[in-house]
Amino acid sequence: MTEDSKTYAYFLGCITPNRFPGIEASTKKILKGFEIETKEMVGASCCPAPGVFGSFDMHTWLPIAARNLAIAEEMDLDIVVSCNGCYGSLQEADHLLKEHPKLREETNEILGKFGREFKGTTTVSHIIVVLHDVIGLDRIKEQIKKPMNDVNVAVHYGCHFLKPREVRGHGSSETPYILEDLMKVTGAKIPEYKDKLMCCGAGGGNRTADSVQSLEWMRQKLVSAIESGCDCMVHPCAFCHLQLDRGQTEMEQAFGIFFNFPILFATQFMGLALGLSQEEVGLDKQTTTIPEKILK
Amino acid sequence: MGTLYEDIVARGGEVFGEEHMETLRECVQCGKCTGSCPSGRNTALRTRTLFQMALVDLREEIFNSPELWFCTTCYTCYERCPKGVKTTDIIRTIRNLAAREGHMSVPHRMIGVYVLKTGHAVPIGPDQMKLREAVGLESQPPTTQKHKDQLEQVQTIFRETGYDAMIDFNWDAMTLKGMEKKGGKK
Ligand code: SF4
Ligand code: SF4
């Protein structure tokens, strides 16, 4: 990625555009506000989900991911994503194809059937990395319109943003800092909580394999955040959003309790702090309700 | 077909490199993976046991255990293993082998159906199009679900790798074989 690169190919994936468009809208609006352009990737597909398709057939997972990478290469742009699944998939595929020439050859044989090729000329970034490293904390701080001083945020990373660290490169997965830094510039407090580093329970086909067990896993995580006095959970993953937000309705059906614990994607929370309305970031149309304290 | 260990190294090796997969041999059965596993907190998945079973070639036992599918690929054990065993990639490879040998549940096979039909594991419907409009976006993103010629490329990949046959896909009905009429659950 070049230093002055100000345009990204925005890889949408499935859940961002097809379930929680507020994540897409808030991402685009924030980037635009900081003069970063996003371009649509025409013909992009499912990333495909790394723990799901990667579990069923790596040999199918890889060319589908490579095809998505090739679309961005044809646009001559680096990729930005708003889901850990997409990040995990595309970055891992990019890494593997750049490391293993034979694998690249085999993959390109398949992509060649429809005239595409993986060349290795793009990189895969995540929206919270763009916020943290490209825009920078200082510039964000200057633009905060609604400080979140009295809000206690439970930070949830999900899994594939940090791990495996040898591919992701964001330092230790046990002591992460990027989301914390971003929350701090809004003025929010970030209490520690017991299950902070725990997975949401949905990945790897687990949600499909046994939904009640997967919800119980999530329930434990939410309880630990609530017990630590957190007002909401902020995370960087559209797939976690599906589990953590929509999953609270399913939890009600399965266990008869509705937590209504507010779940916000990082750019939704940041969008509010930067002065966007709850309607503009799509928070009025999800399962959990956002309290006045956060909306103000 | 070799031993399960040999098959893991061969199959996973094609993607990750054989050295990556051979780390399985380094497992000293310390149990740190099991102790780290958020799934094992709630399920019968015992990560250490899984690797022991793989090393002593209990192929059918592993392939038939529901716990194999309770790993979310969270990579906690991968990060913490003191011997550098590439745990999560080994688990994914065992699942790949199990899937190729017919051990794949109907709901898991259905995910492939959605991608074959739309290019998305989670496709869009009319209600979600309204949600998009409400936040000022085009009603449908310009992805494979909108562009059929692009979707055909994804379908070509499935044919090339034999994923369609693996899940028993009926191209005429665009669903799993045996579900042609209901097109839904078992
Ligand atoms: S942590 Fe590593 S060495 Fe220890 S049992 Fe698990 S895989 Fe084996
Ligand atoms: S990657 Fe799977 S086996 Fe390892 S800790 Fe996570 S859920 Fe458990």
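Residues numbered from 1 in each chain as written. Chains lettered and ligands numbered in written order. Predicted model: local features only at pLDDT ≥ 70, side-chain atom pairs only at ≥ 80, totals over all residues. Heavy atoms only, no water.

What about the packing of helix α8 (residues 106-118) of chain B against helix α10 (residues 148-161) of chain B?
All names here are of chain B.
Then comes step 1: The geometry of α8 relative to α10 is characterised by a closest axis approach of 7 Å and an angle of 135° between their N-to-C directions. Judged on the interaxial angle alone, α10 and α8 are oblique. Facing α8, whose interface residues are V115, L116, K117 and T118, α10 presents L151, V154, Q155 and F158.
Then comes step 2: Grouping the constituent residues of the contact of α8 with α10 by class yields five nonpolar, two polar and one charged. (Axes fitted to C-alpha atoms, helices over the stretch in contact; angles between N-to-C directions. Helix = DSSP H or I, 4+ residues; strand = E, 2+ residues; numbered from the N terminus. Parallel < 35°, antiparallel > 145°, perpendicular 65-115°, else oblique. Contact = heavy atoms within 4.5 Å. Nonpolar A, V, L, I, M, F, W, Y, C, P; charged D, E, K, R; others polar.)

A look at the domain arrangement of chain A
As a measure of interface size, the accessible area lost when the parts come together is often cited.
Residue and element names in this part refer to chain A.
Then comes step 1: Entries for chain A in the domain assignment read domain 1 (7-126) and domain 2 (137-288).
Then comes step 2: In this structure, domain 1 and domain 2 have C-alpha centres spaced 23 Å apart.
Then comes step 3: Counting residues at the interface gives 26 residues for domain 1 and 32 residues for domain 2.
Then comes step 4: When domain 1 packs against domain 2, close to 2,300 Å² is buried across both sides, 69% of that on carbon and sulfur atoms.
Then comes step 5: At the surface where domain 1 touches domain 2, the tally comes to zero salt bridges.
Then comes step 6: Our count for the contact surface shared by domain 1 and domain 2 stands at nine residue pairs in polar contact (both at pLDDT 80 or more).
Then comes step 7: Taken together, the elements giving at least two residues each to the side of domain 1 that touches domain 2 come down to α1 (15-18), α2 (21-33) and α5 (84-99).
Then comes step 8: A breakdown of the residues in the side of domain 1 that touches domain 2 according to their chemical character gives 10 nonpolar, 13 polar and three charged. (Domains from an automatic or database assignment. Buried area = accessible area lost by both parts, 1.4 Å probe. Salt bridge = Lys/Arg side-chain N within 4 Å of Asp/Glu carboxyl O. Polar contact = N/O pair within 3.5 Å; in protein donor to acceptor, adjacent residues only side chain to side chain.)

Regarding the site of ligand 1
Then comes step 1: The environment of ligand 1 is formed by 14 residues, the closest being B:C27, B:C30, B:G31, B:C33 and B:C81.
Then comes step 2: Elements with a contribution of two residues or more to the shell around ligand 1: α3 (32-36) and α4 (47-55) of chain B. (Near = heavy atom within 4 Å.)

Regarding the environment of A:G112
Residue and element names in this part refer to chain A.
Then comes step 1: Within the secondary structure layout, G112 lies in the loop between α6 (101-111) and β4 (124-126).
Then comes step 2: Judged by relative accessible area, G112 falls into the partly exposed class, the value being 43%.
Then comes step 3: C-alpha separation for the pair G112 and M75, spaced 37 residues apart in sequence, amounts to 18 Å. (Buried < 20%, exposed > 50% of the residue type's maximum accessible area, 1.4 Å probe, protein only.)

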